[in-house]
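Spelled out, the chains give:
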Amino acid sequence: QVRLVESGGGLVQAGGSLRLSCAASKRTLNSISMGWFRQAPGKEREFVATIAWNDSSTYFGDSVKGRFTISKENAKNTVYLQMNNLKPEDTALYYCAAESLYYEGGVGRREFDYWGQGTQVTVSS
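Residues numbered from 1 in each chain as written. Predicted model: local features only at pLDDT ≥ 70, side-chain atom pairs only at ≥ 80, totals over all residues. Heavy atoms only, no water.

**Some remarks on the pairing of strand E7 (residues 68-73)**
Note the cut-off: Relative accessibility under 20% of the residue-type maximum defines a buried residue, over 50% an exposed one, and the middle range a partly exposed one, all with a 1.4 Å probe and only protein chains included. In this description a helix means any DSSP run of H or I spanning at least four residues, a strand means any run of E spanning at least two, and both kinds are numbered starting from the N terminus. We call two strands paired when DSSP finds no fewer than two bridges between them.
Residues of E7 alternate between two faces, with Phe68, Ile70 and Lys72 buried on one and Thr69, Ser71 and Glu73 left unburied on the opposite face. For E7 and strand E8 (residues 78-83), the ladder comprises six bridges, and the chain directions are antiparallel. Bridging from a neighbouring strand, Phe68 pairs with Met83 of E8. Connecting E7 to the antiparallel partner E8 that follows it, the hairpin turn spans four residues, and Asn77 within it adopts a positive phi of roughly 50°.

Put into structure tokens, the structure is as follows:
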């Protein structure tokens with residue numbers, strides 16, 4: 001079992017910045033990346049960013065490209081989400097998740113199978 005603990009959320013004015021952290025209790029042999037997702041009230045969960053443990057490759061959702069960056073400290077099993085130029089529409093509960101790769105019958109399957117409790121980010125206009 002992997003436990004994820006997020007921190008760093010809060011209230012910020014539009015145009016401001018926040019840095020979220022996500023500390024994982026451990027990595028398993030199947031762990032391949034860590035990701036951030038967010039969910040605003042009444043909306044579906046939205047992909048924000050991921051970073052791979054091995055080669056640090058990153059991916060971002062269209063709505064945050066150019067404003068958010070993601071980084072990691074392998075030795076601490078910790079991932080960071082730096083959020084700049086925040087907008088009111090970035091207001092949401094932000095979750096980190098651990099992605100694993102499993103092979104079943106020779107076919108690889110990726111799954112975000114561990115999730116944190118979430119940290120609230122509120123951006124005022």
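The discussion continues.
**Describing the nonpolar core**
What counts here: Among buried residues, the Ala, Val, Leu, Ile, Met, Phe, Trp, Tyr and Cys ones that are joined through side-chain atoms within 4.5 Å form a nonpolar core. The contact definition used throughout considers only heavy atoms, calling two residues in contact when any of these lie within 4.5 Å.
One finds Leu4, Met34, Trp36, Leu81, Met83 and Tyr94 to be the most contacted residues of the largest nonpolar core, which totals 28 residues. Going through the elements one at a time, strand E3 (18-24), strand E4 (31-39), strand E5 (46-52), E7, E8, strand E9 (92-104) and strand E11 (119-124) are the ones with two or more residues in this core. Apart from the residues within four sequence positions on either side, Leu4 is in contact with Cys22, Ala23, Ala24, Met34, Cys96, Ala97, Ala98, Tyr114, Trp115, Gly116 and Gln117.

**Comments concerning the pairing of strand E10 (residues 107-115)**
In this sheet, E10 lies alongside E9 in antiparallel orientation, the contact comprising eight bridges. Bridging from a neighbouring strand, Ala98 pairs with Tyr114 of E10. Counted along the chain from E9 to the antiparallel partner E10, the turn is two residues long, and its residue Gly105 has a positive phi close to 65°.

**Some words on the pattern of salt bridges**
Applicable threshold: Each salt bridge in this description consists of a side-chain nitrogen of Lys or Arg and a carboxyl oxygen of Asp or Glu lying within 4 Å of one another.
Applying the stated criterion across every chain yields a total of eight salt bridges. For Asp90, the salt bridge identified is with Arg67, shortest N-O distance 2.7 Å. Taken as a pair, Asp90 in the loop between E8 and E9 and Arg67 in the loop between strand E6 (58-60) and E7 lie far apart in primary sequence, 23 residues in all. The exposure classification of Asp90 matches that of Arg67, with both residues buried. With its nearest N and O atoms 2.4 Å apart, the salt bridge here joins Arg109 to Glu111. For Arg109, a relative accessible area of 31% puts it in the partly exposed group. Residue classification places Glu111 among the partly exposed positions, given a relative accessible area of 31%. Look at the salt bridges and you will find they share partners, linking Arg38, Glu46, Arg67 and Asp90 into a network.

**Quick notes on the packing of aromatic side chains**
Here is the rule: Planes of paired rings set the category: under 30 degrees apart is stacked, over 60 is edge-to-face and the rest tilted, where pairs are Phe, Tyr or Trp rings (Trp by its six-membered ring) whose centres lie within 6.5 Å. Only Lys NZ and Arg CZ are tested; either one counts as a charge over a ring when it is within 6 Å of the ring centre and within 35 degrees of the ring normal.
Throughout the structure, instances matching the rule amount to four aromatic pairs. Seen in terms of ring centroids, Phe37 and Phe47 are 5.7 Å apart; in terms of plane orientation they differ by 70°. Their pairing is edge-to-face. Here Phe47 lies in strand E5 and Phe37 lies in strand E4, a separation of ten residues in the sequence. For Phe37, a relative accessible area of 10% puts it in the buried group. Overall, Phe47 belongs to the partly exposed group, its relative accessible area being 29%. Between Phe112 and Trp115, the aromatic rings sit 6.3 Å apart at their centres with planes inclined by 55°, giving tilted as the arrangement. Accessibility expressed as a relative area gives 22% for Phe112, which makes it partly exposed. Above the ring of Tyr80, the side-chain terminus of Arg19 is found at 4.2 Å from the ring centroid.

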